[in-house]
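Residues per chain, in single letters:
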Amino acid sequence: MPEARVAFVEAVGPTPRVGFAGFYAAEFPELIFIVTSGTRPPDLRANVRHELAHLAYRAKHGNYGGGHVGPSEDFALAFERDGTVRPEDFG
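Residues numbered from 1 in each chain as written. Predicted model: local features only at pLDDT ≥ 70, side-chain atom pairs only at ≥ 80, totals over all residues. Heavy atoms only, no water.

*Asks:* Can you tell me about the pairing of strand β3 (residues 31-35), naming the residues and giving the values?
*Replies:* Counting buried positions along β3 gives five out of five residues, so the element sits mostly inside the fold. Of the two faces of β3, both are covered, the one formed by Leu31, Phe33 and Val35 as well as the one formed by Ile32 and Ile34. Note that strand β1 (residues 5-9) and β3 share five bridges and pair parallel. Directly across from Phe8, in β3, lies its bridge partner Ile34. Of the pairings in the sheet, the one linking strand β2 (residues 22-24) to β3 comprises three bridges and is antiparallel in character. Within β3, the residue paired with Phe23 across the bridge is Phe33. (Buried < 20%, exposed > 50% of the residue type's maximum accessible area, 1.4 Å probe, protein only. Helix = DSSP H or I, 4+ residues; strand = E, 2+ residues; numbered from the N terminus. Pairing = 2+ DSSP bridges.)

Put into structure tokens, the structure is as follows:
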């Protein structure tokens, strides 16, 4: 991703799942949200990279590939393990 924005948000109620640390919204294709109450400081970099990987997948394929399930998630997890993978290798 050549450019993206990050918004830090606080959950005001229970999050959808334990460890819910970040998300993106189709309405904001260059913005990721990091949930501060679900992200420990040592995990911040990994969480940002994971959500940015979803934006990179969308930029390449024109869709989110199932979001946090499916090929977009497969790409994001692979990107976390090895930063050299490319969105075109998935989906």
